[in-house]
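Working through the structure, step by step
The chain contents come next:
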2 protein chains.
Amino acid sequence: MTDTLPTGATIGILGGGQLGRMLSVAASRLGFKTHIYEPGANPPAADVAHAVTTAPYEDEAALRAFAETVDVITYEFENIPTSALDILESLRPIRPNRRALAVSQDRLTEKAFLTDLGLKTAAFAAVDDAVDLAEAIAEIGTPAILKTRRFGYDGKGQSRLKSPEDAGKALADMAGAPSILEGFVNFTHEVSVIGTRSIDGQVACFDPGENVHRDGILHTTTVPANLTASQKMDAVLLTAKILNALKYVGTMGVELFVTPQGLIVNEIAPRVHNSGHWTQNGCAIDQFEQHIRAVAGWPLGDGKRHSDVVMENLIGADMDRVPDIAKEPNAALHLYGKAETKPGRKMGHVNRITP
Amino acid sequence: MTDTLPTGATIGILGGGQLGRMLSVAASRLGFKTHIYEPGANPPAADVAHAVTTAPYEDEAALRAFAETVDVITYEFENIPTSALDILESLRPIRPNRRALAVSQDRLTEKAFLTDLGLKTAAFAAVDDAVDLAEAIAEIGTPAILKTRRFGYDGKGQSRLKSPEDAGKALADMAGAPSILEGFVNFTHEVSVIGTRSIDGQVACFDPGENVHRDGILHTTTVPANLTASQKMDAVLLTAKILNALKYVGTMGVELFVTPQGLIVNEIAPRVHNSGHWTQNGCAIDQFEQHIRAVAGWPLGDGKRHSDVVMENLIGADMDRVPDIAKEPNAALHLYGKAETKPGRKMGHVNRITP
């Protein structure tokens, strides 16, 4: 193991939400310390971190001080300001690399990257104004979805067009942000693959999971997914293709639409992913530890699945059901310790396993 | 769930070693914060705790300040000074209760408690001086083991007597500490049961594990253990009997000798136990989370075993093997982040699973 962080080293994590929290726990299993950088006070990850910096991403002094205490930097979300990355990268390695962030921060760049790789995506076209949108609708047709190119997640920054008449409202919804029109994909279901690539190019993928959304937010992930053996193979191979093309180091989530014409890539997330939370109770090594192993330069672990799992997100008032879930057989709760319950807020999840 | 800590509450943990560290991680899964109290600087648990107090157990002000920030107090080791417990107990509930500590802090009290319950132990006699020892040897015979009544662990504070001629040396080894002579037990192997009791008296036991020691320190625990169905049932029932007799709240380790005449209780530990580390990768809910659930007044989780596991402790120079173990299939590493590797020091463990 060359280029390998020794146990006891410190991993810097940008972002202190639940993903940073579970990354921090995984890091602790390998003897690493974590240092969380997060603008908001008392983030979930702070409860399980060795150190926390509370500062905005515009605070150059704080960024420098943070970088100097850590051995490597990773992140739990993709929308990190470029200026912050420039400062951090001058001081410590950032894994996964900037390329992965650049691709996934912009839906248009992402789609272009994927089609260049020979992978299928929804039809798409850039939309900056009403003229672009009219041309895009003429080319792609409706129904379609207009999305901001950047900073969208959990269904935010999106507007559906049932017919060309919806163009005006959709454009207004974008509030002037550079956008992309995506054609409607006639899919039967959505699956995702959580894959990890190590520094020396080793790739490991977990079994694909099948995702069900509610109100634009992931509701459940079920493994095994409803896929033929060849679809499953396709899903894993295309994930490996993406990881290798980006010379990616870490864990990535790849969302796929299953259609009669094959698998269509919906989007990629250059980080651990909500649809990979099932691995915590389905495998000896979970997605968080695979990510930590990769960014620390370690060999990947064994992500073989030992149980069937249904992961259910606990959102907002779902927290009222925790006392009952706590009594269920074969149910493993994962709560994020967020102080305030709000509608639409991810508060935790439960993995129900069938060995 | 009455008497139940809400997610977001803070659990105080006395002791910041690897057990406190893994308790802290388990607490985070249920949304709890932890506050570690530990005299030594930079303890392993500090890496994953919300707060840490570094102060001796004689510092009354520090104990009071600690207690006032937490909702309940638990511990990772049994040798907590009585004066500290008196202060803490006046401010917050301590779980497991004082009775469990009193019993397990003193080998003589423990043996008397177990025999009063109708359970079998090694023959034993109190030894305070040479006269006591001569009488004890006459009664119990040799081979036998002289042990200090208090503060022994991992084979420390023990002296073997192969014959009565070893009496002088054994007594000298005790350095004047109140002691107990224990008769030799002719056992085939050692197993342990990790059991948990909730506030409302629910009891759950994990499958018994079979323990192999090296140089007086646990080397491996293997599940399933080599036990007949009726031995397994006996092991679980006697563990429940101990938990109920103590009105215990939390996880306990019960070490048992397997003999042709039945199971003999070696010792009990009123805390999570090294021989229960396999549960981290063998069950949906591990011994640490069961303990946290119990002390937080939650219902116990489902400790059903989904995989066979061999847990191996990584002691001292075993850390040199970590790079190879990291590459093994089906191997889950758990490293404690201790700064310095020393001979005999528990640095981590690995759970090798067979689903």
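So, how was this worked out
Residues numbered from 1 in each chain as written. Chains lettered and ligands numbered in written order. Predicted model: local features only at pLDDT ≥ 70, side-chain atom pairs only at ≥ 80, totals over all residues. Heavy atoms only, no water. UniProt positions renumbered as here; feature names shortened; annotations may be inferred. Least-squares fit on C-alpha atoms with pLDDT ≥ 70 in both. Buried < 20%, exposed > 50% of the residue type's maximum accessible area, 1.4 Å probe, protein only. Helix = DSSP H or I, 4+ residues; strand = E, 2+ residues; numbered from the N terminus. Pairing = 2+ DSSP bridges. Disulfide = S-S within 2.5 Å. Axes fitted to C-alpha atoms, helices over the stretch in contact; angles between N-to-C directions. Polar contact = N/O pair within 3.5 Å; in protein donor to acceptor, adjacent residues only side chain to side chain. Contact = heavy atoms within 4.5 Å. Salt bridge = Lys/Arg side-chain N within 4 Å of Asp/Glu carboxyl O.

Within an unreviewed UniProt entry, the label attached to chain A reads N5-carboxyaminoimidazole ribonucleotide synthase, and the organism entered is Thalassobius vesicularis. In the Sequence similarities (unreviewed entry) part of its UniProt record, chain A is described as follows: "Belongs to the PurK/PurT family." Under the UniProt heading Subunit (unreviewed entry), the entry covering chain A gives this text: "Homodimer."

**Here we look at the relation of the copies chain A and chain B**
Superposing chain A onto chain B takes a rotation of 180° plus a shift of 0.0 Å along the axis, which leaves an RMSD of 0.1 Å. Taken together, the rotation and translation describe the operation of a two-fold axis. In terms of proximity to the rotation axis, the leading residue of chain A is Val48(A), whose C-alpha is 1.9 Å off the axis.

**Examining the pairing of strand β5 (residues 124-127) of chain B**
All names here are of chain B. Side chains Ala125 and Val127 project from β5 onto a buried face, and the interleaved Phe124 and Ala126 project onto a face without burial. Where β5 and strand β8 (residues 179-183) come together, four bridges link them in antiparallel fashion. Along β8, the bridge assignment pairs Val127 with Ser179.

**A word on the state of the cysteines**
For the coordinates displayed, the defined rule picks out zero disulfides over all chains. Here Cys205(A) is not disulfide-linked; the sulfur of Cys283(A) is the nearest cysteine sulfur, at 12 Å.

**Details of the sheet that holds strand β4 (residues 72-75) of chain A**
Residues and elements named next belong to chain A. Taken in spatial order, the four strands of this open sheet run β3-β2-β1-β4, and their pairing is parallel. The open sheet has two edge strands with one neighbour each: β3 (51-54) and β4. Put simply, the sheet's adjacent strands are angled 20° from each other on average, direction ignored. Sheet analysis places strand β1 (residues 10-14) next to β4, joined by four bridges and oriented parallel.

**Considering the side chain of Ser307(B)**
Note that Ser307(B) resides in the loop between α10 (287-295) and β15 (308-315). Within the structure, Ser307(B) has its side chain in polar contact with the side chain of His306(B) (distance 2.7 Å). In this view, Ser307(B) contacts His306(A), Asn281(B), Gly282(B), Ile353(B), Thr354(B) and Pro355(B); residues no more than four positions away in its chain are not counted.

**Considerations on the pattern of salt bridges**
Residue and element names in this part refer to chain A. Scanning all chains against the criterion turns up 44 salt bridges over all chains. Salt-bridge contacts for Asp47 lead to Arg21; the nearest nitrogen and oxygen are separated by 3.1 Å. Of this pair, Asp47 sits in the loop between β2 (33-38) and β3 while Arg21 sits in helix α1 (residues 18-29), and the two are 26 residues apart along the sequence. Note on Asp47: relative accessible area 5%, which makes it buried. Within this structure, Glu312, Asp318, Arg321, Glu328 and Arg352 form a network of salt bridges that share partners.

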